[in-house]
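Summary of structural features
Spelled out from the first residue to the last, the chains are:
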Amino acid sequence: MAQYANPVVAERGRKYSSELVAPGQRKAWLCEVIGREYAEVDIVPPTAAPLYNEMTLYPWQDMQLSVIHSNSLTIQRGTREISSPHLDNYFAVLLLQGRYCLQQQGREVFLQPGDMTIYDATVPHYIHCPEAFSKLIVSIPRNMLQQRLPQAGHMTAMPLRGQQGMTAMLSPFLQQLTRQLNQLSMQAFEASAAPVLDMLGASLETLSTGMAPRSRSRSLSLLQIKQWLSKHLQDAELDTHAIAAATGFSSRYMNQLFADEQTSLMRYVWQQRLALSAQYLKQVAWQHHTVTEIALACGFNDFSHFSRAFKQQFGCSPRAFRQQGRETG
């Protein structure tokens, strides 16, 4: 199916269209595209007509803006680890046409055109659109949104009504921005990313209900897990099952503990490995090692994934980070 999942280069972006795929192959095609660009999911296509879906993806600073048109569709993500750090995102959804239902973390939200919500791409979710629809998705790296709003993980599948508060400004702004995309200069389009993120953060702040305090026993459990991880980060074979077997805690319980900190067990492992790699890149003792060797020493076994995750975390490539350290050292 890979030959069908390659995008057409559109102005400033990448365009995928089911029109280029035979009707009998569209379900597998769409699963592949969504899994590559957004999250690994299962889909239920419409039964009354061939599946139709068209999406255009525009890189937008460190975010991504997607314009999506589709006929009725159901999307479901179960409990699975993300396959790549570049999929570790929150999605802000703006419904343009049709109806949209999102379920996540025990909550359910129904959107009307102009309404918005957010969800965590890595956490189980269910999306149902019972008729043809159009929507915008702003893909936001986890660390970027949580720097502005640490409690973002507790605000998924909650309504941001298009006629209320800051959303009454953000929703029409995004719609007008999309309509003018091809007329805007690249500089103007890039400059619009930061105010959109600020407005989204302001909209979400109205949903904040505060975090429940963690019990002492949960705090001690979390500390024990973190201490064990600090000694085993460099093990490239480290996964949820290995950690559970070594610490005596179930995978489910560990992820619940890390969810209190708006992350997951394996995301925490990635973040700690990235921090360790940054230390090594600065240290004189590691200056004669290649960046690839440092990545391997920190537990990464896929250099391309490491490089993307590092840039997402620190704003530059590992090599540029090392060079900056040399120039300022």
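Right above here is the structure, for reference.
Just so it is clear, the model here is predicted, and its values are computed rather than measured. (Residues numbered from 1 in each chain as written. Predicted model: local features only at pLDDT ≥ 70, side-chain atom pairs only at ≥ 80, totals over all residues. Heavy atoms only, no water.)

**A short note on the overall build of the chain**
- For the chain, the helix and strand inventory stands at 12 helices and 12 strands.
- Taking 20 Å as the expected radius of gyration for a compact globule of 329 residues, we find that the chain reaches 21 Å, a close match to that expectation.
- For the chain, the C-alpha atoms occupy an extent of roughly 60 × 45 × 45 Å along the three principal directions.
- Per-residue burial over the chain gives 48% buried out of 329 residues.
- Contacts in the chain between residues far apart in sequence, at least 24 positions, make up 71% of those at least 6 positions apart.
- Accessible surface computed for the chain: about 15700 Å², of which carbon and sulfur atoms make up 52%.
- One way to put it: in the chain the 29 positive side-chain charges average out to a point 3 Å from where the 25 negative ones average out. (Helix = DSSP H or I, 4+ residues; strand = E, 2+ residues; numbered from the N terminus. Rg over C-alpha atoms; globule rule 2.2 N^0.38 Å. Buried < 20%, exposed > 50% of the residue type's maximum accessible area, 1.4 Å probe, protein only. Contact = heavy atoms within 4.5 Å. Areas by Shrake-Rupley, 256 points an atom, 1.4 Å probe, with all protein chains shown as cover. Lys, Arg positive; Asp, Glu negative; His and termini not counted. Charge placed at Lys NZ, Arg CZ, Asp CG, Glu CD.)

**Section: the side chain of Asp88**
- Position of Asp88 relative to the elements: it lies in the loop between β6 (73-77) and β7 (89-97).
- The class for Asp88 is buried, based on a relative accessible area of 9%.

**A few points about the pattern of salt bridges**
- According to the stated counting rule, one finds nine salt bridges in the structure shown.
- The residue Arg14 makes a salt bridge to Glu37 at a minimum N-O spacing of 2.7 Å. Taken together, the residues span a long stretch of sequence, with Arg14 in strand β2 (residues 13-17) and Glu37 in helix α1 (residues 26-37) at a distance of 23 residues.
- Accessibility expressed as a relative area gives 25% for Arg14, which makes it partly exposed.
- Exposure remark for Glu37: the relative accessible area of 13% places this residue in the buried category.
- The shortest N-O distance in the salt bridge between Arg161 and Asp115 comes to 2.7 Å. Here Asp115 lies in the loop between β9 (107-111) and β10 (116-120) and Arg161 lies in the loop between α2 (142-148) and α3 (167-179), a separation of 46 residues in the sequence.
- Judged by relative accessible area, Asp115 falls into the buried class, the value being 7%.
- Three or more residues joined by partner-sharing salt bridges are found here, namely Asp88, Asp120, Arg142 and Arg267. (Salt bridge = Lys/Arg side-chain N within 4 Å of Asp/Glu carboxyl O.)

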